[in-house]
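Observations on chain architecture
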Amino acid sequence: MTSLRTPVEALSTGHPTYSQTFPCKPSTAELGRELVRDILGVWHLDGLADRAALIITELIANASRHTPCPEIRLTVGRPSATRLRVGVVDREPSRLPILSQAADDDESGRGLLLVDAVADRWGYDLHGSDRRPWGKEVWAELRTEGSK
């Protein structure tokens with residue numbers, strides 16, 4: 001994994017995006033949290049780190065549980081000066097995320113509820129042509145104002 005621990009001055013212009021491919025397994029969540037925290041440190045958005053780390057953890061858990069993909073790509077980007085977007089790309093466009101209610105005694109099924117509660121907005125985008133998508137990205141966004 002590329003380390004972002006070396007101090008780097010964040011870009012003041014443009015809308016940067018960082019992505020990296022990892023195995024699609026639950027243990028990737030730890031690497032995902034570290035990646036998100038490192039990038040947000042570089043961008044001076046440490047105040048969003050806990051929320052963004054929780055979101056990426058849940059998105060990785062969903063991908064590893066609900067898709068047979070051997071790899072996923074984690075993305076962390078700034079689609080605008082006031083928004084942070086974290087996401088997980090997989091190659092299963094037919095397995096779309098569904099926000100559902102888990103019963104009190106269910107041991108799982110609350111991941112997207114957490115994402116929905118923590119993120120300012122979330123969703124998914126299909127990749128590829130409309131007729132033959134090759135994958136999807138499940139993403140969540142956080143506002144960056146006042147997060148420093």
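Residues numbered from 1 in each chain as written. Predicted model: local features only at pLDDT ≥ 70, side-chain atom pairs only at ≥ 80, totals over all residues. Heavy atoms only, no water.

Before going further, it helps to examine the environment of Ala63. Take Ala63: it is sitting in helix H2 (residues 49-66). Along the backbone, Ala63 and Asp90 are 27 residues apart, and their C-alpha atoms lie at a distance of 7.2 Å. In this structure Ala63 touches Cys24, Ile72, Val88 and Asp90, once residues within four positions along its chain are discounted. (Helix = DSSP H or I, 4+ residues; strand = E, 2+ residues; numbered from the N terminus. Contact = heavy atoms within 4.5 Å.)

Attention now goes to helix H3 (residues 111-118). Inspection of H3 places Gly111, Leu112, Val115 and Val118 among the buried residues, and these make up the whole buried set. The arc that holds every buried residue of H3, seen down its axis, measures 130°, which confines them to one face. At its buried positions, H3 is contacted by H2, strand E4 (121-128) and strand E5 (133-143). (Buried < 20%, exposed > 50% of the residue type's maximum accessible area, 1.4 Å probe, protein only. Arc of directions from axis to C-beta.)

The subject of this paragraph is the packing of H2 against H3. Close contact between H2 and H3 brings their axes to 9 Å; oriented N to C, the two are set at 155°. With respect to each other, H2 and H3 are oriented roughly antiparallel. When you trace H2 past H3, the crossing you get is left-handed. From H2, Arg51, Leu54, Ile55, Glu58, Leu59 and Asn62 reach across to H3, where they touch Gly111, Leu112, Leu114, Val115 and Val118. Its residues placed into classes, the contact of H2 with H3 shows 7 nonpolar, 2 polar and 2 charged. (Axes fitted to C-alpha atoms, helices over the stretch in contact; angles between N-to-C directions. Parallel < 35°, antiparallel > 145°, perpendicular 65-115°, else oblique. Left-handed = near helix turned anticlockwise from the far one by under 90°. Nonpolar A, V, L, I, M, F, W, Y, C, P; charged D, E, K, R; others polar.)

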